[in-house]
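Given next are the chains, with one letter for each unit.
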Amino acid sequence: MDIQVAGYGIICAIGNDAQSVLRSLKEGRTGIGPMRYLRSSHKELPVGEVKLSDEEMLQMLGLDEKTVISRTVLMGAVAIRQALEHANIDTQGKRVTVISGTTVGGMDITERFFKQIKDDDTLLPLVEKHDCGSSTREMADLAGLKEAQVCTVSTACSSAVNAIILGSEMLKNNEADVVITGGTEALSLFHLNGFNSLMILDKELCRPFDKSRAGLNLGEGAAFVVLQSQPHSISPQGKRIVIRGYGNRCDAFHQTASSENGEGAFLAMSEALQMAGLQPDDIQYINAHGTGTPNNDASESAAIRRVFGEKIPLVSSTKGFTGHTTSASGAIETVICILALLNDFVPSNYGWKEQDESCITPAPSPLPLLGSAVLCNSFGFGGNDSAVVIGASPNPSKGGEKHQDAETCVLAEAVIDDVEQLGELREFVSAGEARRMSKLMKAATISSLKALREAGIETPDAIITATAFGMLETSEKFLVDMLENGEETLSPTLFMQSTHNTLSSAIAIRTKCHGYNMTYSQGKDSLEWALRDARRLIGTGKAKTVLVGYHDEATPTFQEFFRRMGKPVPQEIYSRSIVLGATKNA
């Protein structure tokens, strides 16, 4: 079953709506330049900022200019409103779900007010704007979707494509009537300095796939698509845009680097093509992840060559226009792919000049798009690699997928809820490795490996993680160091272990699991979303065994915030791992 794209909205460095983005792409205008809104000392780093202040976006949304709302939320709400207006559908009485991919969440608010919150009780409500899940709820409300259920996916830079995958699966399994899905991410001091600590930011304009490439430029933005399983009206160009296939696999290689042969990317692209029922020759354009780092571009090129052989279609990375919008990138580039299909052109690979033998040769200028199927790649830290096939068809798909209906059962379960239990880690890792792990990483490793051992499984088919707050200990250490000591000597190790999908990818690396990998961060509902996903995978025959983990922690600072708010204080550590499988009679 093809999923219909009924509408789309986008805001990024090259435009505040789809038409302005289209013009910038066709005219070859980059949106990357000096910082204007982000207050960082690293003025030497070019970025792809949205060309609107927070106050201007608040006005656009009909809100008071003094309202404190995360820039992540503001951009997301603008894009969702655009998508709904473009779709022109009535959501009244329908089962509506809003899914957003983000990692930064409300970090821009947290870093701005963190010091004041410690002493000012009137600012305590801002604590609840920090987590990713709250940003999605707030966006949906601002877009007039107060009754919609919301979900947040946080798999680093592949978050938005994984949100689109989730939305498509929900529609195929009759779990929703309308899904508004995509991603949003604001620039923050936290992740600008995090990426800078990894030494992968370029002080010049990024040049994906170029021989002289030296790193990426960060960007920001949001994009959302409105999905339906029922046919929607065709575009003015006489085309119907559909999600034809997708793949989510794990490189299971390293927390921030990609494998030399691009195994995760290869598997994700292959899975997407297989689901779409297409051969490699059927793809006319690849919107590459193409960040401009030496490692990513060489690895992705190797994966593309493995899939397409000598007949590589036209390829370009559009990050030379928008910057790397991290968790939002997959949605922004999905909308760019839709614009390419509707307007019959391939965007250029801005900044490319010199061939690198280790890389594919991208499109140096806009070219005609002769065909109706494109592939969009989106890869994240921890090897969270995903790909989606988008098609343009004059007629709705009449085919349907025959899903199995296998029942699931719990094969094993393990819980770590006391720091005293962390000593059990010696059963699984060396003392040297343990010293480099945060408390939550230790707890998640113990509960995961204990549950797998009890189930008699070395490598599960899929790994799904739920976390309300993510890696609080490492994130707080990095944040405090930045706020107290400046932006110059920050720890790359802390940043590497700050993303919400850190745990899921670390377990995948340890168990050599190249299968489906997902992380949910929707507050108290996080575990339920993870379990639903696991049951769906097993029920549709896409996995036989799934490791589901619910991992959260609370630092003393975080606990004190909750005490002052008069709310239940979260536990210092809690890690629960469940191995699910199909029942024997299924």
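Going by the structure above, here's the rest.
Colleague: Whenever I open this one, the overall build of the chain confuses me. Can you help?
Modeller: Each helix and strand in the chain was counted, giving 18 helices and 17 strands. On C-alpha atoms alone, the chain measures out to a radius of gyration of 22 Å, which is about the 25 Å that the 2.2 N^0.38 rule sets for 586 residues. Buried positions account for 63% of the 586 residues belonging to the chain. Restricting to contacts in the chain with at least 6 residues of sequence separation, those with at least 24 account for 79%.

Colleague: Honestly, the packing of aromatic side chains in this entry has me stumped. Any pointers?
Modeller: The geometry of an aromatic ring pair is captured by two quantities: the separation of the ring centres and the angle between the planes. Tallying each qualifying case throughout the model produces 12 aromatic pairs. Measuring from centroid to centroid gives 6.3 Å for Phe381 and Phe495, while their planes differ by 80°, and the two rings are edge-to-face. With Phe381 in the loop between strand 11 (373–380) and strand 12 (384–393) and Phe495 in helix 15 (residues 492–496), this residue pair connects regions lying 114 residues apart in the sequence. With respect to class, Phe381 is no different from Phe495; both count as buried. The rings of Phe190, Phe195, Phe381, Phe478 and Phe495 are connected pair by pair, giving a single aromatic cluster. Looking at Arg306, its charged tip hangs above the ring of Phe266, at a distance of 4.0 Å from the centre.

Colleague: Just to check I follow, could you spell out the nonpolar core for this structure?
Modeller: Soluble globular proteins tend to pack their nonpolar side chains together in the buried interior. In terms of nonpolar packing, the biggest core is built from 72 residues, with Ile243, Ile390, Ile464, Tyr520 and Val546 touching the most fellow members. When residues of this core are assigned to their parent elements, the largest contribution, 10 residues, is made by helix 11 (residues 329–343). When neighbours within four sequence positions are excluded, Ile243 is seen to be in contact with Asp2, Ile3, Val5, Ile164, Ser168, Leu227, Val388, Val389 and Ile390. The next biggest cluster of nonpolar side chains, apart from the first, holds 37 residues, and it includes Met35, Leu38, Phe114 and Leu187.

Colleague: I would appreciate a short explanation of the packing of helix 13 (residues 439–455) against helix 16 (residues 502–511) in the present structure.
Modeller: How two helices sit against one another is set out by the angle between their axes and by the gap between those axes. Viewed as axis vectors pointing N to C, helix 13 and helix 16 meet at an angle of 50°, and their least axial separation amounts to 10 Å. One way to sum up the angle between helix 13 and helix 16 is to call them oblique. The hand of the helix 13/helix 16 crossing is right-handed. Between helix 13 and helix 16, the contacting residues are Leu440, Met441, Ala444, Thr445, Ser448, Leu449 and Leu452 on the first element and Thr502, Leu503, Ala506, Ile507, Arg510 and Thr511 on the second. Of the residues that constitute the contact of helix 13 with helix 16, the class distribution is eight nonpolar, four polar and one charged.

Colleague: Is there a simple way to think about the environment of Phe381 in this case?
Modeller: Overall, Phe381 belongs to the buried group, its relative accessible area being 8%. Once residues lying within four places of it in the same chain are set aside, the contact partners of Phe381 are Ala156, Phe195, Leu198, Gln255, Thr256, Phe495, Thr499 and Asn501.

Colleague: Just to check I follow, could you spell out the environment of Ser70 for this structure?
Modeller: Of note, Ser70 is situated in the loop between helix 2 (54–60) and helix 3 (71–87). Between the alpha carbons of Ser70 and Glu185 there is a distance of 9.8 Å; along the sequence they are 115 residues apart. Apart from the residues lying within four places of it in its own chain, the contact partners of Ser70 are Gly105, Gly106, Asp108 and Ile109.

Colleague: Quick question: what am I supposed to make of helix 18 (residues 556–565) here?
Modeller: Owing to its 3.6 residues per turn, the α-helix brings residues three or four apart onto one side. Restricting attention to buried positions, one finds in helix 18 the residues Phe558, Gln559, Phe561, Phe562 and Met565. Angularly, the buried residues of helix 18 cover 155° about the axis, an arc narrow enough to put them on a single face. Tucked inside the fold, the buried residues of helix 18 contact helix 4 (107–117) and helix 14 (472–485). Once helix 18 finishes, Gly566 follows within two positions and takes phi at roughly 75°, a positive value.

Colleague: I keep staring at the packing of helix 1 (residues 18–27) against helix 11 and nothing clicks. Help me out?
Modeller: Relative orientation of the contacting elements helix 1 and helix 11 amounts to 75°, with a least axis distance of 11 Å. Overall, the two elements helix 1 and helix 11 adopt an arrangement that is roughly perpendicular. Here helix 1 contributes Ala18, Val21, Leu22, Leu25 and Lys26 to the contact with helix 11, which in turn contributes Ile336, Leu339 and Asn343. Among the residues making up the contact of helix 1 with helix 11, the classes are represented as six nonpolar, one polar and one charged.

Colleague: Sorry, what's going on with the pattern of salt bridges here?
Modeller: Applying the stated criterion to the full structure yields 28 salt bridges. Among the salt bridges present, the one from Arg213 reaches Asp356, with a minimum N-O distance of 2.7 Å. One end of the pair, Arg213, is in the loop between helix 7 (189–197) and strand 5 (221–228); the other, Asp356, is in the loop between strand 9 (345–346) and strand 10 (367–368), with 143 residues separating them in the sequence. Given a relative accessible area of 14%, Asp356 falls into the buried group. A salt bridge links Arg536 to Asp533; its shortest N-O distance comes to 3.3 Å. Separated by three residues within a single helix, Arg536 and Asp533 lie in helix 17 (residues 526–539), roughly one turn from each other. Here Arg536 falls in the buried class, since its relative accessible area comes to 6%. You can call Asp533 buried: its relative accessible area is 3%. Linked through salt bridges whose partners overlap, the residues forming this network are Glu175, Arg532, Asp533 and Arg536.

Colleague: How do you make sense of the state of the cysteines when you look at a structure like this?
Modeller: One covalent bond between the sulfur atoms of two cysteine residues makes up a disulfide. Going through the model one piece at a time under the given rule, you end up with zero disulfides. The structure places no disulfide on Cys250, whose sulfur is separated from the nearest cysteine sulfur, that of Cys513, by 6.8 Å.

Colleague: Whenever I open this one, unusual backbone geometry confuses me. Can you help?
Modeller: Peptide bonds are, in most cases, trans, and in most cases residues other than glycine have a negative phi. Residues other than glycine seldom take positive phi values, yet Phe209 does so here, at roughly 70°. On the secondary structure map, Phe209 appears in the loop between helix 7 and strand 5. Under the relative-accessibility criterion, Phe209 is labelled buried at 0%. Its identity as a non-glycine residue notwithstanding, Ala252 has a phi of 50°, on the positive side.

Colleague: Got a minute to help me understand helix 16 in this structure?
Modeller: The element helix 16 is largely enclosed, with a buried count of eight among its 10 residues. In the core, the buried residues of helix 16 are packed alongside strand 6 (240–250), helix 13, strand 14 (462–466), helix 15, strand 15 (516–520) and strand 16 (545–553). Phi turns positive, to about 60°, at Lys512, one or two residues after helix 16.

Colleague: How do you make sense of the pairing of strand 1 (residues 3–12) when you look at a structure like this?
Modeller: A regular strand places its side chains so that they alternate between the two faces of the sheet. With 10 of 10 residues buried, strand 1 is to be regarded as a mostly interior element. Relative to strand 6, strand 1 runs antiparallel, the two being bridged by two bridges. For Ile3, the partnering residue across the bridge sits in strand 6 and is Ile243. Bridge analysis of strand 1 against strand 5 gives eight bridges, and the strand direction is antiparallel. Of the residues in strand 5, the one forming a bridge with Val5 is Leu227.

Basis of the calculations
Residues numbered from 1 in each chain as written. Predicted model: local features only at pLDDT ≥ 70, side-chain atom pairs only at ≥ 80, totals over all residues. Heavy atoms only, no water. Helix = DSSP H or I, 4+ residues; strand = E, 2+ residues; numbered from the N terminus. Rg over C-alpha atoms; globule rule 2.2 N^0.38 Å. Buried < 20%, exposed > 50% of the residue type's maximum accessible area, 1.4 Å probe, protein only. Contact = heavy atoms within 4.5 Å. Phe/Tyr/Trp six-rings, centres within 6.5 Å; stacked < 30°, edge-to-face > 60°. Lys NZ or Arg CZ within 6 Å of the ring centre and 35° of its normal. Core = buried A, V, L, I, M, F, W, Y, C linked by side-chain atoms within 4.5 Å. Axes fitted to C-alpha atoms, helices over the stretch in contact; angles between N-to-C directions. Parallel < 35°, antiparallel > 145°, perpendicular 65-115°, else oblique. Left-handed = near helix turned anticlockwise from the far one by under 90°. Nonpolar A, V, L, I, M, F, W, Y, C, P; charged D, E, K, R; others polar. Arc of directions from axis to C-beta. Salt bridge = Lys/Arg side-chain N within 4 Å of Asp/Glu carboxyl O. Disulfide = S-S within 2.5 Å. Pairing = 2+ DSSP bridges.

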